[in-house]
Amino acid sequence: MKTLLPLIAFVLIGQQVISQGCTELFISEYCEGSGNNKGFEIYNPTDAPIDLGPYVLQRWSNGANAMSDETNLVGTIPAYGVWVVINGQTEDVDLGGGSISPAVDPLMQIYANQLDNPYPAPTYMNGDDALVFVKDGQPIDMFGKPGEDPGSAWTDNEATGYTSEDGGTFLTANKTLRRKFNITSGDIVVPVTFYALNQWDSLPSNTWDGLGSHACSCDPNAVDPNNITEQTPVELELYPNPVNNGVLNIDANYNIARVEIYAQNGQRVVESNTTSTIKRHTIDVAELPKGMYIVNVYFDNNVTFSQRVIIQ
């Protein structure tokens, strides 16, 4: 487990370190849904795979001045790819007295690259908990304001410092928040106030369909989804998943330009460039060892999608 630093240390470190865009991992999605439907997504804004060994996500619960619990990340994020961590409670838990802690929605769990630790863990966060993303003991990103108890959630109420002290629309409770396209690095300084909409797009509670990929201006092939007004949304299907016959099929409603497959150690094991404009692509994966892989699909409209595939 990593050594935890008090809040004042985070403030001082943040003043000494200058964060540079497109060079370091950051939190790209925050899901705080009903029950235990909670998770987060980490984005790699660089053109090379990154080992997650030095990285830890901490929860600073209810205004605490130090971390309450933490999770060490494992695996490798491909270039411009993501790592999704979902609450690991796969069954209902009887708390006694008629209270039940519900299992995570199975439809959410399928997006997971990693299931979180048992309670207490960061993905048991509520809308009033801050998250601090740490590398080798130093913060590289934050969500919320560590050390501040906002009440029930951080809100849009500027008069109260965006806390829920005197009303306002909840922004961090029962919401999915997605990092804006033009954000290229994490926050390393504890903010004076935390107004989520400065850096995050707000989506309804229990929205999972954005997990597994992230559009960011660091990626030369990415397109800001907010600027696509007349274009039909990309639809992508990889099947069968798990792959049990040595063949991976990829269907889409846009022309596929290139497909890359990465092993969990970040090694690219397949690169397949198409020779014509096609919307269906078939890849022979019979020679690949059994395990989980990340498939990056590049379209000729400069959109990139990343999805997890299991080969049996």
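Residues numbered from 1 in each chain as written. Predicted model: local features only at pLDDT ≥ 70, side-chain atom pairs only at ≥ 80, totals over all residues. Heavy atoms only, no water.

K.L.:
Explain the overall build of the protein to me, please; I cannot follow it from the model alone.
P.N.:
A tally of regular secondary structure across the protein gives two helices and 19 strands. Taken across its 312 residues, the protein has 52% of its residues classed as buried. Partitioning the contacts of the protein with sequence separation of at least 6, the portion at a separation of at least 24 is 65%. In the structure as shown, the protein presents an accessible area of about 13,900 Å², 48% of it carried by carbon and sulfur atoms. (Helix = DSSP H or I, 4+ residues; strand = E, 2+ residues; numbered from the N terminus. Buried < 20%, exposed > 50% of the residue type's maximum accessible area, 1.4 Å probe, protein only. Contact = heavy atoms within 4.5 Å. Areas by Shrake-Rupley, 256 points an atom, 1.4 Å probe, with all protein chains shown as cover.)

K.L.:
Where do I start with the pattern of salt bridges in this structure?
P.N.:
Where charged atoms from two side chains of opposite charge approach closely, those side chains can pair. Counted by the stated rule, this structure contains 14 salt bridges. For Arg59, the salt bridge identified is with Asp69, shortest N-O distance 2.7 Å. Of this pair, Arg59 sits in strand S4 (residues 55-60) while Asp69 is found in strand S5 (residues 69-72), placing the two residues ten residues apart along the sequence. When the shortest N-O distance is used, the salt bridge between Arg268 and Glu260 registers 3.2 Å. Judged by its relative accessible area of 41%, Arg268 falls in the partly exposed class. For Glu260, a relative accessible area of 4% corresponds to the buried category. The structure contains a network of salt bridges with shared partners spanning Arg258, Glu260, Arg268 and Glu271. (Salt bridge = Lys/Arg side-chain N within 4 Å of Asp/Glu carboxyl O.)

K.L.:
Help me out: how do you make sense of the nonpolar core in this one?
P.N.:
Across soluble globular proteins, nonpolar side chains have a tendency to be buried as a group. With 32 residues, the main nonpolar core has Leu25, Ile42, Tyr55, Leu73 and Phe133 as its most contacted residues. Elements represented by at least two residues in this core include exactly strand S1 (26-32), strand S2 (38-43), S4, strand S7 (82-86), strand S11 (130-135) and strand S12 (138-143). Per element, the largest residue contribution to this core is five residues, and it comes from S11. Excluding residues that lie within four positions of it along the chain, Ile42 makes contacts with Leu25, Phe26, Ile27, Ser28, Leu73, Ile77, Gly81, Val82, Trp83 and Phe133. The next biggest cluster of nonpolar side chains, apart from the first, holds 21 residues, and it includes Ala252, Ile256, Tyr293 and Ile311. (Core = buried A, V, L, I, M, F, W, Y, C linked by side-chain atoms within 4.5 Å.)

K.L.:
Could you clarify how one ought to interpret the sheet that holds S12 in this entry?
P.N.:
Read from one edge of the open sheet, four strands run S5-S4-S11-S12, paired in antiparallel fashion. Strands with a single pairing partner mark the edges of an open sheet, and in this sheet they are S5 and S12. When the angles between neighbouring strand axes are averaged without regard to direction, this sheet yields 25°. Here S4 pairs with S11 via six bridges, running antiparallel. Looking at the pairing, Gln58 lines up with Val132 of S11. (Pairing = 2+ DSSP bridges. Axes fitted to C-alpha atoms, helices over the stretch in contact; angles between N-to-C directions.)

K.L.:
How should the confidence of the model for the protein be read in this particular structure?
P.N.:
One rule of thumb: low pLDDT means the predicted coordinates there are not for detailed reading. Per-residue pLDDT for the protein has a mean of 88; in total, 90% of the residues score no lower than 70. Here residues 1-18 scores under 50 on pLDDT; set against residues more than four positions off or in separate chains, the count is 38 contacts. (pLDDT = per-residue confidence, 0-100.)

K.L.:
I keep staring at the pairing of strand S16 (residues 247-262) and nothing clicks. Help me out?
P.N.:
Put simply, side chains in a regular strand alternate between the two faces of the sheet. Most of S16 is tucked away, with twelve of its 16 residues classed as buried. Alignment of strand S15 (residues 236-239) against S16, held across four bridges, turns out to be antiparallel. What sits directly across from Leu236, in S16, is Ala252.

K.L.:
Is there a simple way to think about the sheet that holds S1 in this case?
P.N.:
Picture the strands of a sheet paired through backbone hydrogen bonds; they go either parallel or antiparallel. The mixed open sheet is built from six strands, whose spatial order is S10-S7-S2-S1-S13-S14. At either margin of the open sheet sits one strand with a lone partner, and together these are strand S10 (114-115) and strand S14 (200-204).

K.L.:
Before we go on, may I ask you to explain the pairing of strand S8 (residues 93-96) in this structure?
P.N.:
Note: S8 against strand S9 (residues 99-101), three bridges, orientation antiparallel. Along S9, the bridge assignment pairs Asp94 with Ile100. Where S8 folds back on S9, the antiparallel hairpin that results is connected by two residues, among which Gly97 adopts a positive phi of roughly 65°.

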